[in-house]
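Read off the chains here:
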Amino acid sequence: MEHSGTKNLSYFPGIFKEGWRTYYVYILTNRNKTVLYTGVTNSLQNRLRQHQNDILINKKTFVSRYKCHHLVYYEEFTWIQEAIAREKEIKGWLRIKKLNLIKTKNPNLDFLEDSFL
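Reading the values: rules and limits
- Residues numbered from 1 in each chain as written.
- Predicted model: local features only at pLDDT ≥ 70, side-chain atom pairs only at ≥ 80, totals over all residues.
- Heavy atoms only, no water.
- Helix = DSSP H or I, 4+ residues; strand = E, 2+ residues; numbered from the N terminus.
- Buried < 20%, exposed > 50% of the residue type's maximum accessible area, 1.4 Å probe, protein only.
- Contact = heavy atoms within 4.5 Å.
- Areas by Shrake-Rupley, 256 points an atom, 1.4 Å probe, with all protein chains shown as cover.
- Pairing = 2+ DSSP bridges.
- Axes fitted to C-alpha atoms, helices over the stretch in contact; angles between N-to-C directions.
- Expected span 1.5 Å × (residues − 1).
- Arc of directions from axis to C-beta.
- Core = buried A, V, L, I, M, F, W, Y, C linked by side-chain atoms within 4.5 Å.
- Salt bridge = Lys/Arg side-chain N within 4 Å of Asp/Glu carboxyl O.

Peer 1: Lay out the overall build of the protein chain with the relevant residues and their values.
Peer 2: Check the secondary structure of the protein chain and you find four helices and three strands. When the helices and strands of the protein chain are placed in sequence order, the string is β-β-α-α-β-α-α. Taken across its 117 residues, the protein chain has 37% of its residues classed as buried. Contacts in the protein chain between residues at least 24 apart in sequence constitute 65% of all its contacts with a sequence separation of at least 6. When the accessible surface of the protein chain is summed, it comes to about 8,000 Å², and 52% of that surface belongs to carbon and sulfur atoms.

Encoded structure:
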């Protein structure tokens, strides 16, 4: 019998194989920082490239229309359900609240995408 309060994880086969990933909620802006776009992905690097490609081919998306490909904020999650819930929460906010969130980690609204590309 275990006394530490931890469970024997061998009783939960696959618990760490499925579900344990990194998901990102991210906010993009355009060059002039006049538009904000919030999204969720399991690969921030791939998603940023996809957004850039959508702009290059002039795909009919919000990101392409407003040329939002500069990363200014992201959060990491282990469970997709939490990431989706957070994305929906942020999308419901007014712009000023989103800017205040961004400034908690990125006070100068620096472009962060070079860290992922």
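Peer 1: Before we move on, could you go through the sheet that holds strand β2 (residues 36-41) and cite the residues and values that matter?
Peer 2: The strand order β2-β1-β3 describes an open sheet built from three strands, whose pairing is antiparallel. Of all the strands in the sheet, the pair left with one neighbour each is β2 and β3 (70-77). Between one strand axis and the next, the sheet turns through 20 degrees on average, direction left out of account. Strand direction decides the pairing type here: strand β1 (residues 23-29) and β3, joined by seven bridges, are antiparallel.

Peer 1: Could you give an account of helix α1 (residues 44-56), with specific residues and numbers?
Peer 2: Counted at 1.5 Å a residue, the expected span for α1 with its 13 residues is 18 Å, and the 18 Å between its end C-alpha atoms agrees. The set of residues buried in α1 consists of Leu44, Arg47, Leu48, His51, Asp54 and Ile55. Relative to the axis of α1, the buried residues are bounded by an arc of 120 degrees and lie together on one face. Residues of α1 that are buried in the fold lie against β1, β2, α2 (62-66) and β3. Within two residues after α1, asparagine 58 carries a phi angle of roughly 60 degrees, on the positive side.

Peer 1: How would you summarise the nonpolar core if you had to cite specific residues and measurements?
Peer 2: By size, the foremost hydrophobic cluster in this structure holds 14 residues, and its most contacted members are Ile27, Tyr73, Ile90, Leu101 and Ile102. Those residues in contact with tyrosine 73, other than ones at most four positions away along the chain, are Val25, Tyr26, Ile27, Arg86, Leu101, Ile102, Thr104, Lys105 and Leu112. Ranked by size, the runner-up nonpolar core spans twelve residues in total, among them Leu48, Val63, Cys68 and Leu71.

Peer 1: Can you tell me about the pairing of β2, naming the residues and giving the values?
Peer 2: Two faces belong to every sheet, and in a regular strand the side chains alternate between them. For β2, the buried fraction is high: five of the six residues fall into the buried class. In terms of strand pairing, β1 meets β2 through six bridges, oriented antiparallel. Within β2, the position partnered with tyrosine 26 by the bridge is glycine 39. Here β1 hands over to β2 after six residues, with lysine 33 in that stretch at a positive phi of 60 degrees.

Peer 1: Quick rundown of unusual backbone geometry? Include the residues and the values.
Peer 2: One non-glycine residue with positive phi stands out, namely lysine 33, at about 60 degrees. Notably, asparagine 58 is not glycine yet its phi reads approximately 60 degrees, a positive angle. Here asparagine 58 lies in the loop between α1 and α2. Asparagine 58 gets classed as partly exposed once you look at its relative accessible area, which sits at 48%.

Peer 1: Please provide a residue-by-residue account of the pattern of salt bridges, values included.
Peer 2: If you walk through the whole model with that rule in mind, you get three salt bridges. Taking the shortest distance from any N to any O, the salt bridge between glutamate 89 and arginine 86 comes out at 2.8 Å. Within this pair, glutamate 89 and its partner arginine 86 are both found in helix α3 (residues 80-91), separated by three residues, close to a single helical turn. Residue arginine 86 is classed as buried on the basis of its relative accessible area of 17%. Where glutamate 87 meets lysine 91, a salt bridge forms, and the shortest distance between an N and an O atom there is 3.3 Å. Here glutamate 87 pairs with lysine 91, and both are found in helix α3, just four residues apart, close to one helical turn. With a relative accessible area of 45%, lysine 91 lands in the partly exposed category.

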